[in-house]
Amino acid sequence: MERREFLKRAGATCIAVVGSALGAVWLHDSRSGAEYFRDSKSKKTKSLKSYRVNRMKGAVDMAIVRGKDPDKMMRAGLGEMGGIGSFVQKGDVVVIKPNVAFDRPPALGATTNPDVLKAVARLCQEAGARKIIVADNPINQPEGCFFKSGIQQAAEEVGAEVMLPRPSAFALTKIDGEVLSTWLMFYRPLEQATKVIGVAPCKDHNLCSASMTMKNWYGLLGGRRNQFHQQIHDVIADFSHMMKPTFVVLDATRVLMQNGPTGGRLSDVSEMNTLVIGTDMVAVDTYGYTLFGRDPDKLGYLRKAEARGLGSTKWKEQNWREVLAG
Amino acid sequence: MRRKRRGFIRGRISRTETVISCMLLLLIAGIGIAIYAKGQIYDPNLFSLNQFALSNTRSVSAQPDRLVPPEDEGSKPSPAMDAPVPSPSGPLDGLAPAGWKTLGNVSQFTADTLFEKIDGRAEQYLDYKFVRLTCVSLVNEQDKSQFIDIYVFDMGKPAQAFGVFSVERSDGLPAIALGREGYRAEASYFFWKGRYYVQVLASNKGTKLAQVGLSVAGTLEKRLNDNGEPIWGLTALPETDRIPGTVQYFVTDAMSLDFMKDTYIAQYRKGGAKVMAFLSKQSSPDAAVKTLTSYEAYLKKFGKVIGKQETDIYTSVTGDMGGTFDVVFRKGRLIGGVSMVENQSVAEKAALDLLAVLRDKD
Amino acid sequence: MRITHIRLVSQIFFIGLFLFFTFITQFGYLKGYPVSLFLEADPLVAIATAITTHTLYRGLLWSLVILIPTFLLGRFFCNWICPYGTLHQFIGWLFDNRSVKERIESNRYRKVFALKYYILIGLLVAAVFGSLQIGLLDPICLFFRSVTVSVLPAIDMATGWIYVQPFVHQFAWLVGFLLFFFVSMNLVIPRFFCRVVCPLGATLGLLSRFSLWRIERDEKKCDSCNLCLQRCEGASDPHTALRKSECVVCFHCIDDCPHAALSFKMLPPLSHEVTLPDLNRRRAIFAGLTGLLFFPFSRSSGDLTKNFKKEIMRPPGAVAEPEFLERCVKCDQCIRVCPTNVLQPALFEAGVEGIWAPIMNMKMGYCELNCTLCGQTCPTGAIQKISIAQKLGLGEFAKLGLVRTGTAFFDRGRCLPWSMDTPCVVCQEVCPISPKAIFSREAEITNRWGKKVKLTRPYVDPTLCNGCGICEHECPVKDLRAIRVTAVGETRSQERSLLLK
């Protein structure tokens, strides 16, 4: 036989032998069971940055606004705190995190008032924000929730982008809390964000007594978050460690006084026509709790967060204003 | 039957074919023998619980709050069932079971008088900073030829007790759950607990004698206190792949090297190979540098240094001792490595694994 | 020393070794024997798991011992080593009552032999997407599974030599039937499984194209008598152009040729043979499409995610479910070695992808606390090799915690002390964990006859329960146990955890 053909065939065999041997050694995984499980526990995680802004000395950090027009109320409140310009600048990508957890119309007070959302978004646009993203991971069906709560329409009216919680938008994120170390988070909105604003309704809650601005961040988490209820107050305190927003708005235009967090009857809701804007979530929630006629000293997660240095319940001793707006 | 035998079968078998056939037969036989041999080598811990791990179940460790409601004001869960047993005054008093009696009195020996009791063996105990020996003999009243000698060596510190226990222990003896670690040789029992090293020595073999010895050893063990002080080497040497019962602590002359003092040695099973690893905490980083230099000199003298690596965290030297490989490293004031490993890459990987585990423990 | 006789010795040795391994894969006999050796040396298991997991697990490196000689000699594995092939050859020979002419006809190549390549293509394409199904038809996996699930229990029923307490397996009749079917098909087509179905044979057949040594027919000496086909095991047409991908190196043709026209030569001219199997390209693509669509069709049935069944409790040390289905080759070695008969071959509980993969059935057994034998024998790492210390969360694993395979729940309506005023708490008694994962509270009730009865009422502590199931196994309410373990609280999967911490 020709030498060339011989070399070609023998060469092919050689390559097959050497190739398979090398491939096998390269792919070889000799980890013991202990190592395998340790490796699978240490997965790559994302981190969250702080979205807080530097505040001038003596600036007003909390504004309690009374009124009937959310747009005027937001302007008045933020005006006391230094104006939207001290929070949002030209070119910012702002993520507004409302509560769209339930498939309810706005009048039932279980979700963020769409007019409040629009007011916040408009102010951000005036300050020069490049993009506004509205995002939440509801408990009920996402499409139904965004539509029936009016948030979808509100976002469209102001030209904000609604991001729905698709599985690919989640990533394992480092939280480093006392209970939660890492958790699956709705991360995609935060990837591009430079500022984050929480807009939470003020609701009674059957387990933790009240759902306000600290609890609002539950809506950014995914996975088996139905386990949080086993240690709810520590977990809510962890939320205020996890997320450091630019500012938060406690939407108390309608307050769900009982049968929360879902509500269901108009008689559960009280029109209080109030907004509380602040940079310290613990302070805002302390005031908000009094709207139910309850004693903030008894609210577990407030005490825990304050003990961990994540905020202060003594808002009265800080710089705050009460405003009346049209 | 319609089946017919076929007519033709090839007659001439070439020489090549015969030779190859013979070789294949030998190969098949070889495979059979190899499989049988492999069948006899196995880690008995596959079928039972590693005694080291059991030691974790001893103390009442801090239990996390179990089933406590979220608003945890006050109510703590009730403590677990086991609490340490208080020890009476004289541990060797009244140990004789029914049908046995104490021969003579309980005697004690110090460092100065130890040799009177155990002659030349005293030197080893003195190396391990021996403090006091308390001993007594029990004899069987029915059969005076059966007796049990009990030796309780107070070695001052748990590490020293462990050390002398580990160097006296031979391979392959069945482990016994006495003290922190123990084993049985025929009808005699050896264990260490806290700073005590105990030998319960029987005069002859036999199941009955072994049972008596075990009950005596068990009673004695409960009377001895253990302050729970951990042994640095036992935790510093990684447990993964470690062959149980092989850790030894040498005060001096570890691996027959005079410059290796205060060294822990353990055998590991890495894949199919056995690897001996060693670890020593020197008095200072400078002392460690000195020891490493001595080791390197030893490698050069009796073999070849084939590799050296220096980073700002560690220095390591690889030596070819003619058929086996040693890898020794220094990290801070720790000296460690592997010795007499047949395969170079296995040796280097094992040494790196050991180094990696030490990262936080300097 | 005829080479065919040596081959026969080799076949007998390896089938004997295989059966020996099946026999000793049991607690009392196991010792250090490499009982997974056949599976670890199986090239298809190695290649397929390398495709799904992008790694080659531990012992699968042994597959090179079969793979590299295949590159030199061809499909020698099929007729020198493969125990399943030996079984088929033996049964075919035993019941053969054909005349010489009939035998020659039965060993001609048939188009249907291309089926095994289509099967292989389908299986490999499915593997690319992360669904490992080769175990269904791989001969070693199939044979080991059949012996474990059907043959050994049958032998034990007759002789009592296998088990201390008899083992039973779910749907053993199906597995036994399939074994019987494939073996009896040898009476229709000799070596039916090897020629028509075997995906491992197809793999080795495709790789034979590189082999250096091949059967060569000297055309000058050959008179086309076709006697070489009498005992041709691979039906590879040595009488014309040898189909190299079918030749199983049995050497019968060389022995039977009266003209000494056949020989085993190194690198004979390729023009004398058909190197690659006879595949129709369109059918091959169709087979690939089947494999491709299998993955989304089966995964979207939801059995891994939303609709996961509570019966899917995997052995301790099992990896999370999607990875498990990438690794399990359904060899059932774990089922064989499990000392309590708790491991059972699933049918459709884990969806169609999980047929014959192991699940725990606590009615039949329970997971012995100080035992990790399943992980020690698993050849592909579907069940990882964990030490007992890791399983119990002791020693260096105290931080990692114990391995949970499920959690027990009381059905108070069936529990004797809860609803029938009768004392019991066997469950608490047998719970092997210390402190016990079943705790109790005393209750004093007045029974229907007016007598005061003290009852100890049991509760489960989910922080301690590891799902071993001995409570369910020992519960006296034998038809539907009053305490049942289900697949929640598993440590292998965050999705199926129960407690936050």
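Residues numbered from 1 in each chain as written. Chains lettered and ligands numbered in written order. Predicted model: local features only at pLDDT ≥ 70, side-chain atom pairs only at ≥ 80, totals over all residues. Heavy atoms only, no water.

All names here are of chain B. Examined at the domain level, chain B breaks down into domain 1 (100–223) and domain 2 (232–361). The C-alpha centroid of domain 2 is placed 32 Å from the C-alpha centroid of domain 1. Contacts between the two partners involve eleven residues from domain 1 and, on the opposite side, nine residues from domain 2. Of the roughly 840 Å² buried between domain 1 and domain 2 on both sides combined, carbon and sulfur atoms contribute 56%. (Domains from an automatic or database assignment. Contact = heavy atoms within 4.5 Å. Buried area = accessible area lost by both parts, 1.4 Å probe.)

Let us now look at the interface of chain A and chain C. Taken together, the contact pairs 36 residues of chain A with 41 residues of chain C. Overall, the association of chain A and chain C removes approximately 3100 Å² of surface from exposure, summing both partners, and the carbon and sulfur fraction of that is 61%. There are zero salt bridges connecting chain A and chain C. Counting across the chain A and chain C interface gives 15 residue pairs in polar contact (both at pLDDT 80 or more). Looking at the side of chain A that touches chain C, the elements with two or more residues in it are helix H1 (3–27), strand E1 (28–29) and helix H2 (33–41) of chain A. Here the side of chain A that touches chain C gets 13 residues from one element, more than from any other, and that element is H1 of chain A. Across two bridges, E1 of chain A lies against strand E1 (residues 56–57) of chain C in parallel orientation. (Salt bridge = Lys/Arg side-chain N within 4 Å of Asp/Glu carboxyl O. Polar contact = N/O pair within 3.5 Å; in protein donor to acceptor, adjacent residues only side chain to side chain. Helix = DSSP H or I, 4+ residues; strand = E, 2+ residues; numbered from the N terminus. Pairing = 2+ DSSP bridges.)

Note the cis peptide between Gly 260 of chain A and Pro 261 of chain A, where omega equals 5 degrees. As for its placement among the helices and strands, Pro 261 of chain A is situated in the loop between strand E10 (247–256) and strand E11 (269–278). If you check the backbone angles, Phe 171 of chain C has positive phi at about 55 degrees while not being a glycine. Topologically, Phe 171 of chain C is positioned in the loop between helix H9 (139–159) and helix H10 (172–184). What makes Phe 171 of chain C partly exposed here is its relative accessible area of 33%. (Buried < 20%, exposed > 50% of the residue type's maximum accessible area, 1.4 Å probe, protein only.)

Residue and element names in this part refer to chain B. The end-to-end C-alpha distance of helix H6 (residues 207–223) is 25 Å, a good match for the 24 Å that 17 residues give at a rise of 1.5 Å each. Turning to H6, its buried residues are Leu 209, Ala 210, Val 212, Gly 213, Val 216, Ala 217, Gly 218, Leu 220, Glu 221 and Arg 223. Of the surrounding elements, those touching the buried residues of H6 are strand E1 (100–110), strand E2 (132–140), strand E3 (147–154), strand E5 (188–193) and strand E6 (196–202). (Expected span 1.5 Å × (residues − 1).)

Another aspect to go through is the nonpolar core. In globular proteins that are soluble, nonpolar side chains generally tend to be buried together. Formed by 92 residues in total, the largest nonpolar core has its most connected members in Phe 21 and Tyr 84 of chain C. If you tally residues by element for this core, the top one is helix H1 (residues 3–24) of chain C, at eight residues. Residues in contact with Tyr 84 of chain C, not counting those within four places in the same chain, are Pro 139, Leu 142, Phe 143, Leu 179, Phe 182 and Phe 193 of chain C. Formed by 66 residues, the second largest nonpolar core is a distinct cluster that contains Phe 259, Ala 266, Met 321 and Leu 354 of chain B. (Core = buried A, V, L, I, M, F, W, Y, C linked by side-chain atoms within 4.5 Å.)

Here the focus is the sheet that holds strand E4 (residues 181–185) of chain B. All names here are of chain B. Read from one edge to the other, the open sheet built from six strands follows the order E1-E2-E3-E6-E5-E4, with strand pairing classed as antiparallel. The sheet is open, and its two borders are formed by E1 and E4, each paired with just one other strand. Pairwise comparison of adjacent strand axes, ignoring direction, gives a mean angle of 10 degrees for this sheet. Where E2 and E3 come together, eight bridges link them in antiparallel fashion. Residue pairing for E3: Leu 138 is matched across the bridge by Ile 148. Here H6 sits on the sheet in contact with E1, E2, E3, E5 and E6, set at roughly 15 degrees to E5. (Axes fitted to C-alpha atoms, helices over the stretch in contact; angles between N-to-C directions.)

Residues and elements named next belong to chain C. Among the surface-exposed residues, Val 128, Phe 129, Phe 286, Leu 289, Leu 292, Leu 293 and Phe 297 lie close enough to one another that they form a single nonpolar patch of about 680 Å² accessible area. Counting residues per element, the nonpolar patch draws most heavily on helix H14 (residues 281–299), which supplies five residues. Judged by relative accessible area, Leu 293 falls into the partly exposed class, the value being 33%. (Patch = residues over 30% accessible without salt bridge, like charges linked within 9 Å, V, L, I, M, F, W, Y side chains within 5 Å. Areas by Shrake-Rupley, 256 points an atom, 1.4 Å probe, with all protein chains shown as cover.)

Within the structure shown, the criterion is met by 55 salt bridges over all chains. Across the salt bridge formed by Glu 80 of chain A and Arg 321 of chain A, the nearest N and O atoms sit 3.4 Å from each other. Of the two residues, Glu 80 of chain A is situated in helix H3 (residues 70–80) and Arg 321 of chain A in strand E12 (residues 320–324); the sequence distance between them amounts to 241 residues. Under the relative-accessibility criterion, Glu 80 of chain A is labelled partly exposed at 31%. Linking Lys 349 of chain B and Asp 353 of chain B is a salt bridge whose minimum nitrogen-to-oxygen distance equals 3.2 Å. With Lys 349 of chain B and Asp 353 of chain B both in helix H9 (residues 344–357), this residue pair falls four residues apart, about one helical turn. When salt bridges that share partners are traced, they join Arg 314, Glu 321, Glu 490, Arg 492 and Arg 496 of chain C into one network.

Before going further, it helps to spend a moment on the packing of aromatic side chains. What the rule picks out here adds up to 51 aromatic pairs over all chains. Ring geometry for Phe 259 of chain B versus Tyr 295 of chain B: centroids 5.6 Å apart, planes at 70 degrees, classification edge-to-face. Residue Phe 259 of chain B is found in the loop between strand E7 (248–250) and strand E8 (263–270), and its partner Tyr 295 of chain B is found in helix H8 (residues 285–302); the two are separated by 36 residues along the sequence. Accessibility assignment for this pair places Phe 259 of chain B and Tyr 295 of chain B in one class, buried. Ring centres of Tyr 163 of chain C and Phe 167 of chain C lie 4.6 Å apart, and the angle between their planes is 10 degrees; on these two criteria the pair is classed as stacked. Across the pair, Phe 167 of chain C and Tyr 163 of chain C agree in class, each one buried. Cation over ring: Arg 209 of chain C sits above Phe 210 of chain C, and NZ or CZ is 5.5 Å from the ring centre. Directly above the ring of Tyr 459 of chain C sits Arg 441 of chain C, whose terminal nitrogen or CZ lies 4.7 Å from the centroid. (Phe/Tyr/Trp six-rings, centres within 6.5 Å; stacked < 30°, edge-to-face > 60°. Lys NZ or Arg CZ within 6 Å of the ring centre and 35° of its normal.)

Before going further, it helps to spend a moment on the pairing of E8 of chain B. Residue and element names in this part refer to chain B. Bridge count for E7 against E8 is three bridges, and the pairing is antiparallel. Residue pairing across strands places Tyr 249 opposite Tyr 264, the latter belonging to E8. Pairing of E8 with strand E9 (residues 273–281), which is carried by eight bridges, proceeds in the antiparallel orientation. Residue Ala 266 lies in a different strand from E9, and its bridge partner there is Ala 277. Hairpin connection, E8 to E9: the antiparallel pair is bridged by two residues, and Gly 271 has positive phi, about 65 degrees.

This part covers the packing of H1 of chain A against helix H4 (residues 63–73) of chain C. Relative placement of two packed helices is described by the angle separating their axes and the distance separating the axes. Between H1 of chain A and H4 of chain C, the least distance of the axes is 9 Å, while the angle of their chain directions is 170 degrees. Comparing the axis directions of H1 of chain A and H4 of chain C gives the class roughly antiparallel. Only Leu 64, Leu 67, Ile 68, Phe 71 and Leu 72 of chain C of H4 of chain C make contact with H1 of chain A, whose side of the interface consists of Thr 13, Ala 16, Val 17, Ser 20, Ala 21 and Ala 24 of chain A. Per-class residue counts for the contact of H1 of chain A with H4 of chain C are nine nonpolar, two polar and no charged. (Parallel < 35°, antiparallel > 145°, perpendicular 65-115°, else oblique. Nonpolar A, V, L, I, M, F, W, Y, C, P; charged D, E, K, R; others polar.)

Among the structural elements, Gly 130 of chain C can be located in the loop between helix H8 (115–128) and H9. Distance in space between the C-alpha atoms of Gly 130 of chain C and Phe 295 of chain C is 7.7 Å, their sequence separation being 165 residues.

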